[in-house]
Amino acid sequence: MKFKTIVILSVGGLGLAALFWFLKPDYSVTNAEVGSELSAIESKSDNIGDQAASEVIRIKIQDGRRTAGPEIIRVSQGDLLTLEFTSDKEGELHLHGYDHKWLLSAGMPVTHGFIAEHSGRFEYELHGHHAHHALGVIEVLPR
């Protein structure tokens, strides 16, 4: 009796894992899909030590939600990334994994540039008035 239970649970678990793998959504967005206004990096360097030229990626926030700018920003490791955030309300923006924090004032753009040193997927979110709102992610692809 125990052997049957173990076999059934194992087969069921493998079936669920296979379904998850094949049916998971694809959230990736390429620069071409985002459009020229929202492209992350214009040119890339082959050498990690060389920093690629960067465009300013503009992100607008209204009522704690991203209303303009890409949901996914994709760059390569070693690229210079320049972000500009404009919010209609005060708050604090956090880029997790990089431990960057920016104070936002209503209607005042905040621009910040940094080197995308660490590869991975990093969420940025707005903290303010006892609320946390995920705005988007930065994907840093390894070279």
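Residues numbered from 1 in each chain as written. Predicted model: local features only at pLDDT ≥ 70, side-chain atom pairs only at ≥ 80, totals over all residues. Heavy atoms only, no water.

Novice: What am I meant to see in the sheet that holds strand E1 (residues 56–62) here?
Specialist: By way of backbone hydrogen bonds, the strands of a sheet pair with one another, either parallel or antiparallel. Spatially, E2-E1-E4-E7 is the arrangement adopted by the four strands of the open sheet, whose pairing is mixed. A single partner strand is all that each edge strand has here, and the edge strands are strand E2 (65–68) and strand E7 (110–115). Going from strand to strand, the sheet's axes swing by 35° on average, the running direction of each strand aside. Alignment of E1 against E2, held across three bridges, turns out to be antiparallel. Considered in E2, the bridge of Lys60 is made with Ala68. (Pairing = 2+ DSSP bridges. Helix = DSSP H or I, 4+ residues; strand = E, 2+ residues; numbered from the N terminus. Axes fitted to C-alpha atoms, helices over the stretch in contact; angles between N-to-C directions.)

Novice: Even after reading the chapter, I still don't get the nonpolar core, so can you show me in this structure?
Specialist: Across soluble globular proteins, nonpolar side chains have a tendency to be buried as a group. Among the nonpolar cores identified, the biggest contains 22 residues, and Ile73, Leu83, Phe85, Leu93, Tyr124 and Ile138 are the most heavily contacted of them. Secondary structure elements with two or more residues in this core: E1, strand E3 (72–76), strand E4 (80–87), strand E5 (91–95), strand E6 (100–104), E7, strand E8 (120–128) and strand E9 (131–141). Apart from residues lying up to four places away in sequence, Phe85 is in contact with Ile59, Ile61, Leu93, Trp102, Leu104, Met108, Pro109, Val110 and Tyr124. (Core = buried A, V, L, I, M, F, W, Y, C linked by side-chain atoms within 4.5 Å. Buried < 20%, exposed > 50% of the residue type's maximum accessible area, 1.4 Å probe, protein only. Contact = heavy atoms within 4.5 Å.)

Novice: What am I meant to see in a nonpolar patch on the surface here?
Specialist: A cluster of nonpolar side chains, namely Phe3, Val7 and Val11, defines an oily patch on the protein surface of about 310 Å² accessible area. By the element assignment, Phe3 lies in helix H1 (residues 2–23). (Patch = residues over 30% accessible without salt bridge, like charges linked within 9 Å, V, L, I, M, F, W, Y side chains within 5 Å. Areas by Shrake-Rupley, 256 points an atom, 1.4 Å probe, with all protein chains shown as cover. Salt bridge = Lys/Arg side-chain N within 4 Å of Asp/Glu carboxyl O.)

Novice: Looking at this structure, I do not really get the pattern of salt bridges. What am I missing?
Specialist: Once their charged atoms are close, side chains differing in charge can pair, the charge on each being opposite to the other. All chains considered together, the criterion is met by five salt bridges. Residue Glu84 is joined to Arg58 by a salt bridge in which the shortest nitrogen-to-oxygen separation is 3.4 Å. Here Glu84, found in strand E4, pairs with Arg58, found in strand E1; they are 26 residues apart in sequence, far enough to count as distant. You can call Arg58 partly exposed: its relative accessible area is 48%. For Asp63, the salt bridge identified is with Lys89, shortest N-O distance 3.1 Å. Taken as a pair, Asp63 in the loop between E1 and E2 and Lys89 in the loop between E4 and E5 lie far apart in primary sequence, 26 residues in all. Asp63 sits in the exposed class, given a relative accessible area of 53%. Salt bridges here are not isolated pairs; linked through shared partners, they connect Arg74, Arg121 and Glu139.

Geometric descriptors of this kind do not, in isolation, establish any biological role.
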